[in-house]
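Here is what each chain is made of, one letter per residue.
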There are 2 protein chains.
Amino acid sequence: MDLVDVLKDRKKGQEVTLEGWIRSNRSQKNFGFIDFYDGTSFETLQIVYDQDLENFDEISKYLIGSAVRVSGEIVESQGRQDIELKLKKIELIGECPGDYPLQAKGRPTREFLRDIAYLRPRTRLFQAVFKIRSLAASAIHEYFQSNNYVYVHTPLITTTDCEGSNQMFKITTFDMNDTPKDKDGNVDFSKDLFNKQTYITGSGQLHGEAFAMAFKKIYTFGPTFRTENSNTKTHANEFWMIEPEIAFCDLNGLMDIEEEMLKYVVKSVLDKANDEIVFLDKFVSNGLKEKLEKLVSSDFVRITHHDAIDILKKADIKFEFTPDYEGDIAKEHEKYITEYFNAPVFITNWPKDIKAWYMKVNEDGKTCAAVDLEVPGAGELMGGSQREIDMDVLNERIKECNVDASVIEWYLNLRKFGGCYHSGFGMGFERLIIYLTGVENIRDVIPFPRTPGNCLY
Amino acid sequence: MDLVDVLKDRKKGQEVTLEGWIRSNRSQKNFGFIDFYDGTSFETLQIVYDQDLENFDEISKYLIGSAVRVSGEIVESQGRQDIELKLKKIELIGECPGDYPLQAKGRPTREFLRDIAYLRPRTRLFQAVFKIRSLAASAIHEYFQSNNYVYVHTPLITTTDCEGSNQMFKITTFDMNDTPKDKDGNVDFSKDLFNKQTYITGSGQLHGEAFAMAFKKIYTFGPTFRTENSNTKTHANEFWMIEPEIAFCDLNGLMDIEEEMLKYVVKSVLDKANDEIVFLDKFVSNGLKEKLEKLVSSDFVRITHHDAIDILKKADIKFEFTPDYEGDIAKEHEKYITEYFNAPVFITNWPKDIKAWYMKVNEDGKTCAAVDLEVPGAGELMGGSQREIDMDVLNERIKECNVDASVIEWYLNLRKFGGCYHSGFGMGFERLIIYLTGVENIRDVIPFPRTPGNCLY
């Protein structure tokens, strides 16, 4: 039996047996209280035991973290909750010694907990974060599946990449101290497992486009890798991405989908993880619940990059970076724009020179049909574009951006064989979880984070 | 508008506009038929056009694979289907030249299609396979989420692995022709991104166990890698795995879960992909539908490895491999056993010497609490075990199996801090898809398969 089922029924008089762990144990002379959880619900159960139990003395010494099996009756409670368990029997399944790092005294710092990533999911904070991560992933699948998208597992091992191979990890089966060499003394990749040098991917977009040309609406949801050597709160070398791609869809259609999907996911998490959100609102990020509820009911604004720069130029603020019609939008700008509209903002039609080669160049020849979604309190949450399908323009952009055309010949063929206008976006899953939980550091929303110099466990 | 919605309503008199592709185009003197699809449904739509349309001659020359926008009225049909589209307007969005590799004449072989993996999802066969792949993935999430499991993204980049690092790909950010060297002339991994040598994982189980000790019921679902240099129908170097792990669960409880989950997923696919299953039954694997329906209603058998060997030894068959109480069960044995019982069979309590170090050793000291699920027509579909938690036994097994204890110290700590009996299993997702589709070769159930010597696209 799971605790979550007991808490759903809340049936007084019910006899239950549960297995789980002790979060705290306070005993007095004649009775004691155990705060019990099994991980299936955020709410815990108070267990009351008294000296009538033959092993009362033993129970009162059970330490935090111990695994136990408890049986008893659900009764009305005088405490915080409306019900509690009147203990009839308890068995110690796995004890937990006094040097357990997750003691109740003193709240351990998040930095400390990062070093024991294999234990931290047992804490209240990480129970909330990782449950929300799971529910958000589930809601994403639900949204796309219920709208007839096909989930595509694009390959991780690849020779193609739209972000440039210098940002990709190389993989090999060779002993790197003893690699076969060709006649020029270079590593002979023809002897490696795939007979060539291969990488792990930074995006499934190009492969996703191939499937959109078959199924119209597809999405990917899988791990992605970047070799970036940057130690910030928002960068990790391994993270999960969602990359939907939709045939017969232009930039406006894409924004409709992004807005609908985001609202669906946020609403689903609010519905299913209320206890977790209330906890995070109280202890981690005041106003979290209101922020999320507001997003669900807000209308997203749509403005061009040009108009966004206009607003920034007129702003009564001294920015560190001067707003520039040809330039990127800095974090401080994102913040100003979302506060200015007090709503999520789609910024469209970016200068093509600061965007990727596969984005559709607009008629002005200067901007491209790209869109970033800026969300209050989170900054950029999604980035997408309509894709270039004019072969002349595309070939020119490939040259301009120094992309190796030979490895993407197959991709270009997608335009040749029944191509159509189509659009897609990418959402970094961890960015979403940071937004949903109010937890600021990406290291605290990934079960076992990988960042430069850090690959524990 | 998606074709799937039109086909759901089947409302005669409805005016619709659809965008999609031409699967075939047959024209006669005064009229013609287009077989139209947009990928959102397996069923296609017949479009009838006649010479009253001003571009009749042009339409009749539209080639297979072309992308079009069509408008017209849904009317009753005299053909195979009950409805068809009476065309009022058609626009060519993207033409498809005559050298399109997917022509109607002659059925292209699967080997040929593997070499154009970016086009093959447009064929009927791969529309069926990859739609079922998507639906099965969705059903797996549904099953676990509705039963309060937490979905955990275990890391792909790792220094820990339960299968042994010689089976893992190494990853690096170094230019492999110019790696930094230490004073002994070896590659200096302390200068690599993670300051040590790292791998991409062959299993998320150990990390999953850490989360089961926090959430009781968890599952992983993600890509997995093996360097195996074997060219068989069932091996790929990149594949997806589902690895649930359940605290307070013994081997019998695990089998209950495996059976329930498998039935749920198969039933869901039968419900949602009837057209695809009927097609595969007819053209790929006769009896597929009956096989799947039978699985849903069957009771899975549970026997020990010892009893299975007894049955094999008594069999009136000359096996290539002699059944052995201390040995593995060969493919021919799996086949015999499932046919003998005419049902899926759980084989439990395997000789410990042929199983992994983390599996619980039984009281006899010779067997372990492992279980393989053998399914008629597919062989081994899942493999699981109760995990060893006795530290003395575990340390001995680690020594016997030459596991580097230093990299799994954290894992051993899970037993120290409130450990409990727990179990888990792994299911290769592609094995499931092979079973569900009747398509035999793993290369044909993965969007872009990676096998030795093959890493296209």
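Scroll up a little and you will see the structure.
Being a predicted model, the structure only gives us computed values, none of them experimental. (Residues numbered from 1 in each chain as written. Chains lettered and ligands numbered in written order. Predicted model: local features only at pLDDT ≥ 70, side-chain atom pairs only at ≥ 80, totals over all residues. Heavy atoms only, no water.)

### Some points on the overall build of chain A
A tally of helices and strands in chain A yields 13 helices and 18 strands. Here the C-alpha coordinates of chain A stretch approximately 85 × 60 × 45 Å along the principal axes. Taken across its 457 residues, chain A has 62% of its residues classed as buried. In chain A, the share of contacts with a sequence separation of at least 24, taken over all contacts with a separation of at least 6, comes to 67%. Roughly 18400 Å² of accessible area belongs to chain A as shown, and the carbon and sulfur atoms make up 46% of that amount. For chain A, the centre of its 56 positive side-chain charges and the centre of its 74 negative side-chain charges are spaced 3 Å apart. (Helix = DSSP H or I, 4+ residues; strand = E, 2+ residues; numbered from the N terminus. Buried < 20%, exposed > 50% of the residue type's maximum accessible area, 1.4 Å probe, protein only. Contact = heavy atoms within 4.5 Å. Areas by Shrake-Rupley, 256 points an atom, 1.4 Å probe, with all protein chains shown as cover. Lys, Arg positive; Asp, Glu negative; His and termini not counted. Charge placed at Lys NZ, Arg CZ, Asp CG, Glu CD.)

### Observations concerning helix 11 (residues 391-400) of chain B
Residue and element names in this part refer to chain B. Listed in full, the buried residues belonging to helix 11 are Leu394, Arg397 and Ile398. Considered in projection along helix 11, the buried side chains sweep an arc of 100° and stay on one side of the axis. Exposed residues lying more than 90 degrees from the buried face of helix 11 are Asp392 and Lys399. Its buried side turned inward, helix 11 meets helix 12 (409-416). Here helix 11 starts with a cap whose side-chain oxygen sits 2.9 Å from the backbone nitrogen of aspartate 392, and that cap is aspartate 390. Positive phi appears at asparagine 402, one or two residues downstream of helix 11, with a value of about 55°. (Arc of directions from axis to C-beta. Polar contact = N/O pair within 3.5 Å; in protein donor to acceptor, adjacent residues only side chain to side chain.)

### Describing the relation of the copies chain A and chain B
Under the fitted operation, chain A is carried onto chain B by 0.0 Å of movement along the axis and a turn of 180°, and the coordinates agree to an RMSD of 0.0 Å. What the rotation and shift describe, once combined, is the action of a two-fold rotation axis. Scanning chain A for the C-alpha nearest the rotation axis identifies isoleucine 171 of chain A, at a separation of 2.2 Å. An overlap of 100% is found between the interface residues of chain A and their copies at the interface of chain B, pointing to a shared contact surface. (Least-squares fit on C-alpha atoms with pLDDT ≥ 70 in both.)

So yeah, pure geometry; function would need other evidence.
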